[in-house]
Amino acid sequence: MKKIVVLSGAGISAESGVKTFRDSKGLWRNHRIEEVASPIAWNNNPEMVLEFYNIRRKQLFEEVKPNAAHYALAELQNNFDVKIITQNVDDLHEQAGSKNVLHLHGELKKARSTADERLVYEMKSWELNIGDKCELGSQLRPHIVWFGESVPNIEQAIEISQTADIFMVIGTSMLVYPAAGLLNYVNPDIEKYYIDPNAKNIPDIRNLKIIREKAGIALPIIAKDLKIK
Ligand code: APR
């Protein structure tokens, strides 16, 4: 089976009602990154950080559903070995049925010990508050990679990218590293797609097909084409 490797970003979940970060109505227009998504924020005002993620987690538990793009990728598993590397902290790829999903920036539905980062817990509901503790008695934090923190899964993501027969970049501004650098590890000869209605930061790379369309529209068509090729 040919291997399709996908790098997805906030744009793939936009049609599910999840806000992107850098678009005109994106999250970083109304929130200062350093106040909600950094270790400094956590030290200075953990209540505000928890509230920021509680709002997003509540939406994920109660409202948000996968869209046609997530489902098209899941369906490709019938014909391809599909590996998804996502910058998203939602679980919409998994909800749609994708089996191989690597989260680069953490997972919203998980909480982690502040005493031992290996202690990660699946959350049963949306709320995480001050006073919620791990088994060692330390405060729990969102299982999110904040700005300024290292990206533990990047080595694995590089290895996966190197093995791709087809590579797709979907719904990301390609501004945040190391994720944006993954294309550099992809075999230059293989077919690559960049699907984003506002694709701007276009990597200077061979065999890259740019599709300026919403993921929910473009992906079902691309998936169909790939299957009959
Ligand atoms: N389909 C595909 N792409 C879309 C759609 C859509 N329906 N709607 C918007 N987009 C595109 C935008 O054009 C933009 O290029 O999605 C991209 C979203 O970019 P960002 O908001 O920068 O999100 P992302 O690239 O995922 O951000 C990377 O930055 O803040 C951090 O940790 C956060 O994982 C995130 C990382």
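Residues numbered from 1 in each chain as written. Predicted model: local features only at pLDDT ≥ 70, side-chain atom pairs only at ≥ 80, totals over all residues. Heavy atoms only, no water.

1. A look at the packing of helix H6 (residues 68–75) against helix H9 (residues 215–228)
- Running from amino to carboxyl end, H6 crosses H9 at an angle of 20°, the nearest separation of the two axes being 7 Å. Here H9 runs roughly parallel to H6, going by the angle between their axes. The chirality of how H6 crosses H9 is left-handed. Seen from H6, the contacting residues are Ala68, Ala69, Ala72, Leu73 and Glu75; seen from H9, they are Ala215, Gly216, Leu219, Pro220, Ala223 and Lys227.
- Taken together, the residues of the contact of H6 with H9 break down into eight nonpolar, one polar and two charged. (Axes fitted to C-alpha atoms, helices over the stretch in contact; angles between N-to-C directions. Helix = DSSP H or I, 4+ residues; strand = E, 2+ residues; numbered from the N terminus. Parallel < 35°, antiparallel > 145°, perpendicular 65-115°, else oblique. Left-handed = near helix turned anticlockwise from the far one by under 90°. Contact = heavy atoms within 4.5 Å. Nonpolar A, V, L, I, M, F, W, Y, C, P; charged D, E, K, R; others polar.)

2. Topic: the nonpolar core
- Ile85, Leu104, Phe167 and Leu182 are the most contacted members of the largest nonpolar core, which has 24 residues in total.
- Elements with a minimum of two residues in this core: strand E1 (3–8), helix H8 (154–162) and strand E7 (166–170).
- The leading source of residues in this core is H8, at four residues.
- Beyond its immediate stretch of four places on either side in the chain, Ile85 contacts Val5, Val6, Leu7, Ser8, Leu102, Leu104, Ala157, Ile160, Ser161 and Leu182.
- Ranked by size, the runner-up nonpolar core spans 22 residues in total, among them Ile12, Ala69, Phe80 and Ala218. (Core = buried A, V, L, I, M, F, W, Y, C linked by side-chain atoms within 4.5 Å. Buried < 20%, exposed > 50% of the residue type's maximum accessible area, 1.4 Å probe, protein only.)

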